[in-house]
Structures are given as C-alpha cells and as structure tokens.
Amino acid sequence: MNFEALLTPKTRHILSILGSAQGKARIVGGAVRNHIMGKPVDDIDIATEYLPHEVIDLLTQAGIRTIPTGLAHGTITALMDGQNFEVTTLRADVETTGRHAQVQFGTDWRADAQRRDFTMNALYVGLDGILFDPLNGLADIHAWRVRFIGDAATRIREDYLRILRYFRFCAHYSPEMVLSFDVAQAISCHINGLRQLSKERVWQELRKTLAVPEYMHVLADMAGLGIFTTLGLGIFRGYEHRHCEETLCDEAIKSLEKLDCHTSLRSVRNYALTRLFLHFIWLEEDAARIGVQLKLSNVDNNTLVLWAQHVWRLRTPPEFHTARELLYRVGAQTYAQIAYLASVRWGWALTIEILNIPTTHPIPPKPFTAQQFIDQGYIGAELGVKLKEAEHSWIDKGFI
C-alpha cells in the first residue's frame, strides 16, 4: 500500500524530528483511514513515544512553534508553515467517566490502539511508509464496516459521545451497514449518558452526520433507539428527499447554489440545517426549542425560526403572486431555501420557474416613502397605519 501522498515533505520533517525512523512516531487515525479510503485528508495527527515536554523540546530546537493544547492528555499542536500537526504521546486510559479520562503515558503502541474508538481509527503509518494495524482495522475498511474496538459497551462508557460518533462514521464510511444487535443493546443500555454531553458537542456530531449525502438509514436507526427523544429534539419525521430531488433539473440545482447565503453549502439539498428543519421542526416553537436544546448560533437559530414562520405559505406549488410576496418578505436567498423546504415538506415538484422568480421578476423599490405621508400631515400611530395600508395595497396590486 502506497502512502507517498500522505507523507508530504512537511509531514516527513515532523516525523523525522520525532524519531519516526527509529519507530518512535507515526501518523495515526483519520488521516491514514481517509487516505486508504480515497477520501480527503484534512488534518494530520501523530502519535509518539516521547513525553509531552520532550516533544516540545525537540520541535522547539528544530525551530517549530508548539502550542500545549492538551497537556493533561499528552497533546501538543505543532505549527509549521501554515499547517497544524497534532502530536500526542502514546497513552492508556487509567480511569474513564463519560468524557473525562485519566491517562498514563507509555511506549506500548498496541495499548494506545486499544484505547481508541473504532478499528478503522487505530491505524498507524511511519516514515518508512509501512502500515501498522494491530487491531485489523484495514479489513474493516475494505468491508466498509464501522466496528468498535473490543466491547462496544466498554468503549461507550469511556465516552458517551461515541454513540453519536458511531452513527456519524456509519453515515460516512458504511452507507449500507446494518445495525447489529450487540451494538444496539450497548447503546440502549447507556443512552442516558447522552444527557451528560455538552450541547455544543452534540450539535457538532449531528451536524456532521446530517451533512452526509446518504444519511437517512442512520437517522432511522438513531430514532428507533430513542436517541433523538433522549437529546430533547422531539419527534423524528423521516422525510425522504429523493422524491423531490429527482424532480430538480441541473439548472434548478445551480440556481439553489447561487442563491444560497450559506457559504458552507455545496447545495441546499444536503445542508445539515435544512435537514434538521425537515426532520424535527414543524412549528416556530419547535425551532426556538431546538435552538436552545442544541445551543445553536444566533444565525442558525434565527434561520430556523424564519423558515418555520414562512414554509407554510407554500403548502402547494405557489402561484406567481404568492411566490413574489414571499420573495418580498424574506429576500432572494431565503426565498430559495424556503421554496426547497416547502417542496419537500408538502410533496410538490420544485421547478426552475419557481426558483428563478427572484431573477425574472425581482421586487422593485417601494413607490412611496414615510416622508411623503408626513408631508401630508400624518404622524405617530396614524403614520404607521397609513404606511401599512400603502404597503398592503402595493403588494395586492402586484408591486405596481
């Protein structure tokens, strides 16, 4: 197996400083896994036999800046020419309670592997390009199988977040995997541990899961185990997007992407927030409650509330006037999002004509100003009434 692409000059330099040629440092975890699976490699994590203070000394002597990001757990971040490397001393868990663990540093690579979550994350590659696979994770990767290391219940007790991570990994790396009885039982027995997790970490995991194109089977399993009710998200509505997505032509998809105000979206069709809305939010109160439950950012929370306020306006394919009124109320970017959400929720076909209304029939500037009414002698509450009347008349007449 060729790891040349993974062993870039920067990575080789860090490994060399940390004694990889003598077997004292290896790349570990996600970078190795993703390289083998042909997926993008974002971060490089390195495991080493050196103690944290030794890592700092070696890197500092080589002119590489270090940040003690997690000294208690043996983690140092090395910064080299704009790239970060997370370097962690080999360790074994002495005591674990939920997400809190006491660790003991050591030089036993197998012990380090056994404390990790899934076999596909316990893979190591050194400077020599040789794969070290103590727990047969490569076979699981080739089988597209997410497998807990050792006993699933034990791994979950060590860190309850692993329940959510398990399903995220299944969505990413095992789209056709069937939930086994043993894993389902382990999760069910420890499901209340999810209540101990921070809201931010819960949303971080859910967001990553919801962003995976093939995610529905995973959410169905999570709902069946009661995970969403335990997290306080309420009833899961298993909408299938596919029936709507098949009606979208390429031009419509491109229009959605151009109009989308979220730069992180590849398409509104596979954005985590839209899926959170479709599966868990029916009323405005649901949006407000889930915003608090997941401690969403103000931007995300306000977006969910806005969608909930307006999605009911398009319960059927909108007539031209209805579509333009919505466009006026929310703007072009949000209009496209709501049109998509409504088409999925209410089951009608979203067309290029509906999506293109902001371009083909934009809303003109208001033909009146408050000053015009003030000049006619209206002030205070009466002025507000007259402005509202003028606005309603303008909308009713088709924005003439």
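Our structure is the block above this text.
Remember, predicted model here, so these are calculated numbers, not experimental data.

Parameters and conventions
Residues numbered from 1 in each chain as written. Predicted model: local features only at pLDDT ≥ 70, side-chain atom pairs only at ≥ 80, totals over all residues. Heavy atoms only, no water. Axes fitted to C-alpha atoms, helices over the stretch in contact; angles between N-to-C directions. Helix = DSSP H or I, 4+ residues; strand = E, 2+ residues; numbered from the N terminus. Parallel < 35°, antiparallel > 145°, perpendicular 65-115°, else oblique. Left-handed = near helix turned anticlockwise from the far one by under 90°. Contact = heavy atoms within 4.5 Å. Nonpolar A, V, L, I, M, F, W, Y, C, P; charged D, E, K, R; others polar. Buried < 20%, exposed > 50% of the residue type's maximum accessible area, 1.4 Å probe, protein only. Salt bridge = Lys/Arg side-chain N within 4 Å of Asp/Glu carboxyl O.

*Asks:* I'd like a rundown of the packing of helix H14 (residues 272–280) against helix H16 (residues 298–310), residues and numbers included.
*Replies:* Remark: H14 packs on H16, axes separated minimally by 11 Å, with the N-to-C direction vectors making an angle of 45°. Of the possible angle classes, the one that applies to H14 and H16 is oblique. With respect to the hand of their crossing, H14 and H16 are arranged in right-handed fashion. In this structure, H14 contributes Leu273, Thr274, Leu276 and Phe277 to the contact, and H16 contributes Asp300, Thr303, Leu304, Trp307 and Ala308. Within the contact of H14 with H16, the residues separate by chemical class into 6 nonpolar, 2 polar and 1 charged.

*Asks:* I'd like to hear about H14, residue by residue, with values.
*Replies:* The buried fraction of H14 amounts to 9 of the 9 residues, a majority that puts the element mostly inside the structure. On its buried face, H14 sits against helix H9 (199–210), helix H10 (216–224), helix H11 (227–230), helix H15 (284–293), H16 and helix H18 (332–346).

*Asks:* Run through the pattern of salt bridges, naming residues and quoting values.
*Replies:* Under the criterion given, the structure shown has 15 salt bridges. Residues Arg165 and Asp117 are paired through a salt bridge, measuring 2.7 Å at the closest nitrogen-oxygen approach. Linking Arg165 in helix H7 (residues 161–173) with Asp117 in the loop between helix H4 (109–114) and strand E8 (124–125), this pair joins segments that are 48 residues apart in sequence. Of the charged contacts in the structure, one is a salt bridge between Glu158 and Arg162, with a shortest N-O distance of 2.7 Å. Of the two residues, Glu158 and Arg162, neither departs from the other in class, the shared state being buried. Through salt bridges with shared partners, a single network forms among Asp140, Arg145 and Arg147.

*Asks:* How would you sum up unusual backbone geometry? Please name residues and give values.
*Replies:* As a rule of thumb, non-glycine residues mostly have phi less than zero, and peptide bonds are mostly trans rather than cis. For Asp81, which is not glycine, the phi torsion reads 50° and is therefore positive. Along the chain, Asp81 turns up in the loop between strand E4 (75–80) and strand E5 (83–89). Overall, the relative accessible area of 62% leaves Asp81 in the exposed class. One non-glycine residue, Lys295, lies in the positive phi region at around 50°. Along the chain, Lys295 falls in the loop between H15 and H16. Under the relative-accessibility criterion, Lys295 is labelled exposed at 51%.

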